[in-house]
Amino acid sequence: MNVVDRFLQYVKFDTQSDELTNMTPSTPGQMIFAQSLEKELQAMGLSDISLDENGYLMATLPGNITDRKVPTVGFISHLDTSPDMSGHHVNPRIIERYEGGDIVLNPEDGTTLSPDQFPELLHYVGQALIVTDGTTLLGADDKAGIAEIITAVDYLMQHPEIRHGDIRIAFNPDEEIGLGAHKFDVEHFNADWAYTMDGGEIGELEYENFNAAVARITFIGRNVHPGYAKHKMINSMRVANQFAIMLPRWETPEHTEGYEGFYHLVGMEGTVEKTVLTYIIRDHDRDRFERRKKEFEHLSRKINKEYPGCCQLEIKDQYFNMREKIEPVMHIIDIAEQAMRDADIVPKVVPIRGGTDGAQLSFKGLPCPNIFAGGLNFHGRYEFVPIPSMEKAVDVIVNIARLVANS
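Residues numbered from 1 in each chain as written. Predicted model: local features only at pLDDT ≥ 70, side-chain atom pairs only at ≥ 80, totals over all residues. Heavy atoms only, no water.

**Considering the sheet that holds strand 8 (residues 167-172)**
Defined as follows: In this scheme, strands are said to pair when DSSP sees at least two bridges between them. Runs of H or I in DSSP of at least four residues are treated as helices and runs of E of at least two as strands, each being numbered from the N terminus. Contact criterion: two residues are considered in contact whenever any of their non-hydrogen atoms come within 4.5 Å of each other. Between N-to-C directions, angles span 0 to 180 degrees; the directions come from axes that are lines fitted to C-alpha atoms, helices contributing only their stretch in contact.
Spatially, eight strands are ordered 1-2-8-3-9-16-10-15 in an open sheet, and the strand pairing comes out mixed. Among the strands making up the open sheet, the edge pair consists of strand 1 (47-51) and strand 15 (348-349). Both strand 2 (residues 57-61) and strand 8 contribute to a ladder of five bridges, which runs antiparallel. Bridged to Leu-57 within strand 8 is Phe-171. The strands that helix 3 (residues 140-158) touches are strand 2, strand 3 (73-78), strand 8, strand 9 (193-199) and strand 16 (370-372); relative to strand 3, the one it contacts most, it runs at about 145 degrees. The sheet contacts of helix 8 (residues 331-342) involve strand 9, strand 10 (204-206), strand 15 and strand 16, and relative to strand 9 the element is tilted by about 50 degrees.

**Focus on the sheet that holds strand 12 (residues 262-270)**
With antiparallel pairing, four strands are arranged side by side in an open sheet as 12-13-11-14. Strands with a single pairing partner mark the edges of an open sheet, and in this sheet they are strand 12 and strand 14 (311-319). Averaged over all pairs of adjacent strands, the angle between their axes in this sheet comes to 15 degrees, without regard to strand direction. Across 10 bridges, the pairing between strand 11 (residues 211-220) and strand 13 (residues 274-283) is antiparallel. When the sheet's bridge partners are listed, Ala-215 is paired in strand 13 with Tyr-279. The strands touched by helix 5 (residues 236-246) are strand 11, strand 12 and strand 13; relative to strand 13, the strand with the most contacts, the crossing angle is about 15 degrees. Packing against the sheet, helix 6 (residues 286-306) makes contact with strand 11, strand 12, strand 13 and strand 14, and its axis sits at approximately 165 degrees to strand 14.

**So, the state of the cysteines**
Stated precisely, the cut-off is as follows: Cysteine sulfurs are considered disulfide-paired once they come within 2.5 Å of each other. Only protein chains enter the accessibility calculation, which uses a 1.4 Å probe; a residue is then buried when its area is under 20% of its type maximum, exposed when over 50%, and partly exposed in between.
The full count for this structure, using the stated rule, is zero disulfides. Free of any disulfide, Cys-310 has its nearest neighbouring cysteine sulfur in Cys-311, separated by 6.4 Å. Given the relative accessible area of 2%, Cys-310 is considered buried.

What follows is the structure in structure tokens.
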């Protein structure tokens, strides 16, 4: 089975994660998908296959080098798709040769994938694309990665002349809700290092990501009949708004790029008596990240000085920039870059403006940079994946296995 056939099969599984269930995996579809993959790996003849009660599936392709010790390298992708858009009844369509211009995804409502809104489409003129029907996401994030890993392992099994060490693979739940690495058993995985196949377009190689925290600010008000409220009422919604506008206007996602950090208001719920604001705080630089958290503490004190006891702040770190864990082992980046060049791909080393399982895994002792899986416009109806990008990702995995054996 080739990478496209696998991908088209995998997207049929509804694996949206859900941060409200407090279970692992957070949705039953992820376990159903993992069980199907377990059977596929067993039929292929892989070793050390394990699927635990939390939906973490691992397996080994044994090495074929016996005269010396070769590092064990891992490849990881996640089972879930984003809660942002339905993953139920995904109905992909292949555009055999994209000629440029608009792609009508859904004629009934006119949903159109257009280079006017998504100019990156024009990078793939002449290529075969897999698109949605305009009613769901596609699931290339990260079922493309799963298909690529399994296809690469299958290729290595069919070509024993390619020398390689032990290859460990893992597929985990709940990456999209930030929990993919929480119950990942790094010791059981037992790799010297790994790569997540979870990046975007072809050539991307990432070993820097945001430091991340979530802040929850609760404002307690005092409700009094508005006709008699002078000097008595404290409207928590107005106080919350006062807090929000004190943050730098231009340091938000819609005004930043590259290494620029931001404050992002992701939730607002309130009445006169109680309002809660939820923010995510992001910055690549650790010192600036800590200063951003201090700014929330400073503004909370200012609010409480004006309205004593009104403002309650909770800040929780989510993950940190994996760069500090990758820099001591930069040879694993060199190998990935060479693997791309050997596949006639120009490496694009870029910072992740978000998080990745690899960041958390790196801090758990498994250095784990991120490699492209080929998809674009993740988490929505405009998601698509060029077929040649998926095929090249398979080549990169095979090349990494070969290069590690020869290093």
